[in-house]
Amino acid sequence: MTEPVFPMPRATPEATLFRDAMAGVASAVHVVTTIGPQGRAGLTANAVASVSDAPPTVLVCIARLSRTLALIESSGVFCINTLLGEDVELAEIFASRRGIDGEARFATRDWRQLTTGAPVLSDAVAAFDCRLVAAHDVATHRILIGEVVGLGGFGTKTAEPTSLIYRRRHFEAV
Ligand SMILES: Cc1cc2nc3c(=O)[nH]c(=O)nc-3n(C[C@H](O)[C@H](O)[C@H](O)COP(=O)(O)O)c2cc1C
């Protein structure tokens, strides 16, 4: 068999190569929240996707070590709050980069509730209030499937709101 003229991509890339490749892929940034007997909790996440519109369904992949994951599973509810371009600091807080935990992460902003009681950021691009309907472990993460039972956010007063994205390990507004 003839050798390929150009080097072929590696079939099983190293984790670092995978992460570098994925770092070039722009993604929206969200804060995923929940509420339970212990109060409110949440984390920054970009591994979020739409699954179906019949019924409206979304997914989020959360590291099994995340403290918020355990709380979502015990409450059975979560809200995906998609961030505006100006919300870098909020993303940093919920990514544990400011040394602020639990209820204190919510201190700087206005949060409401929709159907499930999970915290809804008033001035999000959009907020998807979900009931947890399935969970699947894959490698280091758990994929949470949520049926969307409420929609909110939309609170921005900006005429042309921007979205927060993460690309090449930096936040950008687009
Ligand atoms: C831009 C960005 C995106 C992230 N996306 C995810 C994600 O999709 N899933 C996840 O489990 N962690 C993600 N993280 C990391 C969590 O936000 C971080 O581990 C956080 O500390 C978890 O908090 P907790 O342990 O209080 O739940 C992301 C962090 C950043 C900065």
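This text follows the structure it describes.
Peer 1: Explain the pattern of salt bridges residue by residue, including any values.
Peer 2: A complete count under the given rule lists 14 salt bridges for this structure. The residue Arg-97 makes a salt bridge to Glu-92 at a minimum N-O spacing of 3.0 Å. Judged by its relative accessible area of 45%, Arg-97 falls in the partly exposed class. Relative accessible area serves as the criterion here: at 13%, Glu-92 is assigned to the buried category. Taking the shortest distance from any N to any O, the salt bridge between Arg-142 and Asp-137 comes out at 2.5 Å. Overall, Arg-142 belongs to the buried group, its relative accessible area being 18%.

Peer 1: Can you tell me about the site of the ligand, naming the residues and giving the values?
Peer 2: Near the ligand you find 18 residues, and of these Thr-44, Ala-63, Ser-66, Thr-68 and Ser-96 are the closest. A distance of 2.7 Å separates an oxygen atom of the ligand from a polar side-chain atom of Ser-66. Separating an oxygen atom of the ligand from a backbone N or O atom of Ala-95 is a distance of 3.5 Å. Summarising the interface, the protein chains cover 82% of the accessible area of the ligand, which totals 650 Å² for the free molecule. Looking at the shell around the ligand, the elements with two or more residues in it are strand S3 (39-45), strand S5 (56-63) and helix H2 (67-75).

Peer 1: Outline the environment of Ser-122, listing residues and values.
Peer 2: Within the secondary structure, Ser-122 sits in the loop between strand S8 (119-121) and strand S9 (126-138). With 30 residues separating them in the primary sequence, Ser-122 and Gly-152 have C-alpha atoms 7.6 Å apart.

Peer 1: So what about the sheet that holds strand S11 (residues 164-167)? Which residues, and what values?
Peer 2: Adjacent strands of a sheet form backbone hydrogen bonds with each other and so pair up, either parallel or antiparallel. Strand order in the open sheet formed by 3 strands is S1-S11-S12, and the pairing between neighbours is antiparallel. Only two strands of the sheet have a single neighbouring strand rather than two, namely strand S1 (27-28) and strand S12 (170-173). Bridge count between S11 and S12: 4 bridges; the pairing is antiparallel. Residue pairing for S12: Tyr-166 is matched across the bridge by Phe-171.

Peer 1: Go over the pairing of strand S4 (residues 48-53), please, and point to the residues and values.
Peer 2: Bridge count between S4 and S5: 5 bridges; the pairing is antiparallel. Across the sheet, residue Ala-49 finds its bridge partner in S5, namely Leu-59.

Peer 1: Report on the sheet that holds strand S10 (residues 141-152), specifying residues and quantitative values.
Peer 2: Here we have 7 strands laid out as an open sheet, ordered S3-S2-S6-S9-S10-S5-S4, and antiparallel in their pairing. Because the sheet does not close on itself, it has two edges, and the strands there are S3 and S4. Strand-to-strand, the axes of this sheet are offset by a mean angle of 35°, without reference to chain direction. The strands touched by H2 are strand S2 (30-36), S3, S5, strand S6 (77-82), S9 and S10; relative to S2, the strand with the most contacts, the crossing angle is about 50°.

Peer 1: Tell me about H2, and please be specific about residues and values.
Peer 2: Taken together, the buried positions of H2 are Thr-68, Leu-69 and Ile-72. Buried residues of H2 fall within an arc of 105° about the axis and therefore sit on the same side. Turned more than 90 degrees off the buried face of H2, the exposed positions are Arg-67 and Ser-74. Elements that come into contact with the buried residues of H2 comprise S2, S3, S5, S6, S9 and S10. You can read the cap of H2 off the contacts: a side-chain oxygen lies 3.1 Å from the backbone nitrogen of Thr-68, and it is on Ser-66. The first or second residue beyond H2 is Gly-76, which carries a positive phi of 75°.

About the criteria used
Residues numbered from 1 in each chain as written. Predicted model: local features only at pLDDT ≥ 70, side-chain atom pairs only at ≥ 80, totals over all residues. Heavy atoms only, no water. Salt bridge = Lys/Arg side-chain N within 4 Å of Asp/Glu carboxyl O. Buried < 20%, exposed > 50% of the residue type's maximum accessible area, 1.4 Å probe, protein only. Near = heavy atom within 4 Å. Polar contact = N/O pair within 3.5 Å; in protein donor to acceptor, adjacent residues only side chain to side chain. Areas by Shrake-Rupley, 256 points an atom, 1.4 Å probe, with all protein chains shown as cover. Helix = DSSP H or I, 4+ residues; strand = E, 2+ residues; numbered from the N terminus. Pairing = 2+ DSSP bridges. Axes fitted to C-alpha atoms, helices over the stretch in contact; angles between N-to-C directions. Contact = heavy atoms within 4.5 Å. Arc of directions from axis to C-beta.

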